[in-house]
Amino acid sequence: MLPVAYRVVERAAQTRDAATLRLQPDRAPLRRGRPGQFYMLYARGIGEVPISISGIEDDGSLAFTIRDVGAVSRSLHSTRLGALVGVRGPFGIGWDTSSAIGHDLVIVAGGLGLAPLRPLVLELFGHRGDFGVITVIVGARGPSEFLFRDELAAWAAGGDLRVELTVDQPAADWGGPVGFVTDPLARLVLDPATTTAFLCGPEPMMRFCADLLLRDGLPAARVQLSLERNMQCGVGVCGHCQLGPLLVCRDGPVVTYATAGDLVGVREL
Amino acid sequence: MRGRRGDGPVVLDVIGLDGLLTALRTDGYRVIGPTVRDDAIVLEEIDSVDRLPAGWGVDARPGHYRLRRRADAAMFAHSAGAHSWKQFLHPPRQRLFTEDGAGYQPADDDYPRLAFFGVHGCDLAAIARLRTVLGGTAAFARRADGLFVVAVACTEPGDVCFCASAGTGPAPGTGYDVALTELAGPDDHWFLAEAGSDAGTRALAAVPSRRAATAAETEQAHTAVVDAATRMGRRLPPGDLRDLLHDSRESPRWDDVAQRCLTCGNCTMVCPTCFCTSTEDVTDLTGAHAERAERWASCFELDFSFLHGGSVRRSSASRYRQWMTHKLATWHDQFGSSGCVGCGRCIAWCPVGIDITAEAAALAREHAGDA
Amino acid sequence: MLDDLGALPLFAGLDDAQRRVIGTVALDVHFAAGRRMLFDGQETRAWWLIRSGSVALDTTVPGRGVVTVQTLGAGDVLGWSWFVPAQRWRFGAVTLEPVRALELDGARLRAVCDADPSLGYRLTQGLLEAAVHGLHSTRARLLDLYAQPPDGRRAP
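What you see is a predicted model, and the numbers here were worked out from it, not measured in a lab.

**Comments concerning the domain arrangement of chain A**
All names here are of chain A. For chain A, the assigned domains read domain 1 (4-91) and domain 2 (98-264). Summarising the inter-unit geometry, the C-alpha centres of domain 1 and domain 2 are found 22 Å apart. Opposite the 21 residues of domain 1 that make contact, domain 2 presents 21 residues. For the pair domain 1 and domain 2, the summed buried surface comes to about 1,700 Å²; carbon and sulfur atoms form 58% of the total. The tally of links between domain 1 and domain 2 comes to two salt bridges. Arg 34 is the partner of Glu 123 in a salt bridge, and the nearest nitrogen-oxygen pair spans 3.5 Å. Connecting domain 1 to domain 2 are four residue pairs in polar contact (both at pLDDT 80 or more). A total of seven residues in the side of domain 1 that touches domain 2 trace back to one element, the largest contributor, which is strand β4 (residues 47-56). A per-class count over the side of domain 1 that touches domain 2 returns eight nonpolar, eight polar and five charged.

**Digging into the side chain of Thr 268 of chain B**
Residue and element names in this part refer to chain B. Of note, Thr 268 is situated in helix α10 (residues 266-270). Here Ser 298 takes part through its side chain, which lies 2.9 Å from a polar atom of the side chain of Thr 268. Discounting residues that sit within four places of it in the chain, Thr 268 has contacts with Lys 86, Cys 274, Ser 298, Cys 299, Phe 300 and Trp 323.

**Observations regarding the pattern of salt bridges**
Taken as a whole and assessed by the stated rule, the structure comprises 47 salt bridges over all chains. A salt bridge links Asp 333 of chain B to Arg 242 of chain B; the nearest nitrogen and oxygen atoms lie 2.6 Å apart. Taken as a pair, Asp 333 of chain B in helix α11 (residues 316-335) and Arg 242 of chain B in helix α8 (residues 241-247) lie far apart in primary sequence, 91 residues in all. Notably, a salt bridge pairs Arg 292 of chain B with Asp 281 of chain B, separated by 2.8 Å at the nearest N-O pair. A residue pair is termed long-range when its members are at least 10 positions apart, and Arg 292 of chain B in strand β14 (residues 290-296) and Asp 281 of chain B in strand β13 (residues 277-283) qualify at 11 residues. In this pair, the class of Arg 292 of chain B matches that of Asp 281 of chain B, namely buried. Each member of the salt-bridge network shares a partner with another, and the members are Glu 48 and Arg 88 of chain A together with Asp 281 and Arg 292 of chain B.

**Some points on the sheet that holds strand β5 (residues 62-67) of chain A**
Residues and elements named next belong to chain A. Spatially, β1-β2-β5-β4-β3-β6 is the arrangement adopted by the six strands of the closed barrel, whose pairing is antiparallel. Ignoring which end each strand starts from, the neighbouring axes of this sheet average 45° apart. Contacts from helix α2 (residues 114-125) reach β4 and β5 within the one sheet, and its direction differs from that of β4 by about 35°.

**A closer look at unusual backbone geometry**
The omega torsion across Gly 252 of chain A and Pro 253 of chain A is 5°, close enough to zero to call that bond cis. Looking at the secondary structure, you find Pro 253 of chain A in the loop between α6 (248-251) and β14 (254-256). A cis amide bond, omega 0°, links Gly 169 of chain B with the succeeding residue Pro 170 of chain B. Along the chain, the position of Pro 170 of chain B falls in the loop between α5 (163-166) and β10 (178-184). Residue Phe 148 of chain A is not a glycine yet carries a positive backbone phi of 50°. Taking the relative accessible area as the measure of exposure, Phe 148 of chain A reaches 9% and is therefore buried. Here the phi dihedral of Asp 144 of chain C falls at roughly 50°; this positive angle occurs in a residue that is not glycine. By the secondary structure assignment, Asp 144 of chain C is in the segment after α4 (117-142).

Conventions used here
- For every chain, the first residue of the written sequence is number 1, and numbering continues from 1 along that sequence.
- Throughout, the order in which chains and ligands are written sets their labels, letters from A for the former and numbers from 1 for the latter.
- With the structure being a predicted model, the display of local features is reserved for residues of pLDDT at least 70 and the display and counting of side-chain atom pairs for 80 or more, all residues being used for whole-chain, interface and lining totals.
- No hydrogens and no water enter the side-chain calculation; it runs on all heavy atoms of the structure.
- Domain extents, as shown, originate in an automatic or database domain assignment.
- Any two residues whose heavy atoms approach within 4.5 Å are treated as being in contact.
- Throughout, buried area stands for the accessible area (probe radius 1.4 Å) lost by two parts on being put together, summed over both.
- The term salt bridge refers to a pairing of a side-chain nitrogen on Lys or Arg with a carboxyl oxygen on Asp or Glu at a separation within 4 Å.
- What qualifies as a polar contact is a pair of N or O atoms within 3.5 Å, subject to a donor-acceptor requirement within protein and to the restriction that residues adjacent in sequence count only when both atoms come from side chains.
- Helix and strand assignments follow DSSP, with helices taken as H or I runs no shorter than four residues and strands as E runs no shorter than two, numbered in order from the N terminus.
- Polarity classes work like this: nonpolar for Ala, Val, Leu, Ile, Met, Phe, Trp, Tyr, Cys and Pro, charged for Asp, Glu, Lys and Arg, and polar for all others, with Gly in that last group.
- Buried residues are those whose accessible area, probed at 1.4 Å on protein chains only, stays under 20% of the maximum for their type, while exposed residues exceed 50% and partly exposed ones sit between those limits.
- Here, any two strands with at least 2 DSSP bridges between them count as paired.
- To obtain an axis, a line is fitted to C-alpha atoms, over the contacting stretch when the element is a helix, and the angle between two such axes runs from 0 to 180 degrees between their N-to-C directions.

Dropping the structure here:
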């Protein structure tokens, strides 16, 4: 599958080491992805990495939030306006909201995990009446590490969602909550029969949150999480993304805890 | 390939076999078959049956492979060679695209029509496994779709063979154009040949020296194959291996294997169904020309599972567990069948002689002990 | 108040009679925002079960100033040291928003538990569960999961 050329039309630095790029097709567009899906982004001559969609615009442009953690992501992260990026996709299974109609929703984002959840939240705004109480919990390493800070403030002020931010390490100018995301999560009063949860962040974080939700009575099938593994093809033929029986690019990245629960805790699986 | 059987089995002698090979070449196929090179039996393009390893057998044992001279002139009585047919359908390295500033160009490749000459039952099943996994990719489809397969039933299983318990032999399953059974004795040397498709029927019809097989000849050939099933060198344990491997995730046996496994990846290279690849992206020094290639990869490579600053599977125990569990168990979840065809190559070519059937049996004993 | 107490997970394992006893050593209290509830080093007397609002646990670090270690909210216990007599608080606590809390007298509660070991045991179980949750959260933060991989381990 050949990459398709997309041009960087907007670049917004989010934190010290993460930026959101908005891309538009240089010629023919790829199929529009759904929240939770990912594309393979190619930094010419350097390599390709899987990045979840962090924004889907009506005009066909796609946004990706990229953190500089290696050679490929460094190149993508610093791509200049107007430059071309190779894109393949969309791939994978995205967030399932159709099974949560009528439910209260709990969305927990840790660190960069907010990026794949952002398009989910934006999509929910368009169908707000279909859901009950929507709570978004966002954790970050420190106050300067939150992604989409202005947007989070707007969501909080808008009245449609409850937004709770929390940091692992406070800074002197932070007067807000301090604690792991499981702290505000534990304080939620939930009706387990009519709640669906969406989790995204480092795997241990999702495990801790899922365990807490299950302890509160949520069925594992109603806790969705987004998995990550080394991916090189995106279509289930290179073998790198295996997690036990799952090919994460094809059977995920979004899976339920009923599927992934006994996989994510296994050492070196 | 459809299973129309034409006019019933025919008998070919060695000249007739060569006639079949020649007919395929005349038809434009590049014929790949076993041949002796560098003290081993390898797979290469061949132009006549003279290139086949007549009279050569193999002494294959855990961590051991040697040719040996046979008393007869059998051409297909060998197994567990380091080559498998996968290298022709899924090459060790292939370019995917180039980019020279004017857009992405798929890599040019020629896709010759291939005829595989001498595919044992295990390897025939392996081709089908690869088709299931890779059949959706354009390059594989172009290589595999025009394939002509001359399968060969095994009458003399090797010491490391376990196709019977893997359900893939000694008789070839579906997917061949022509199936041969070789009967090689001190006085004669002939082949029972059966068509498995229209193309196979046509190919056999082009061999002038063929004659219809007698009932006795057909019986003799089939009996030889049935007997072979009872003389397998080893076997997989009975029962549901998917459940067994799943339940064995935390077994101490993995640490035991890890004491021996070098994570060299030989097993994955010689395995006819291992398909994992890694992509390589390069440019020239000016950056004007970029290209991507894919190359065979192995889940035994330390950075195969690299993620977030380190590999998910660092220890040899976890990497061996991944390979064996995938091969025997999670392949079912991913692709609907076992990934192992019982060819025994991994056993012969493991430098320390690790035997997947013995490891499976050890897990089964441990599991039964717990139950 | 009895119904109130029954609704709190901390007291869920107690029977009605035991909850009534707790009620005799508990007070419904309110704090305005910005009010310091505890000073680091202060002698322990009362502890609190937060009903609503939020409280910052803090300590002073020379050069860094007053550092918030954790924030607590509805359902959280503030103050563990009351368990053992004559302890001093290790951290300070200041309200970030108006807080409604159940205030329990440490000494009187210890006496009540001595008199009724069954109540003491069940209360301890509830408190231990809350403490373990706090320990897990703290350990999760120690993992520093959102951090960058160290320099030598960047992706190829």
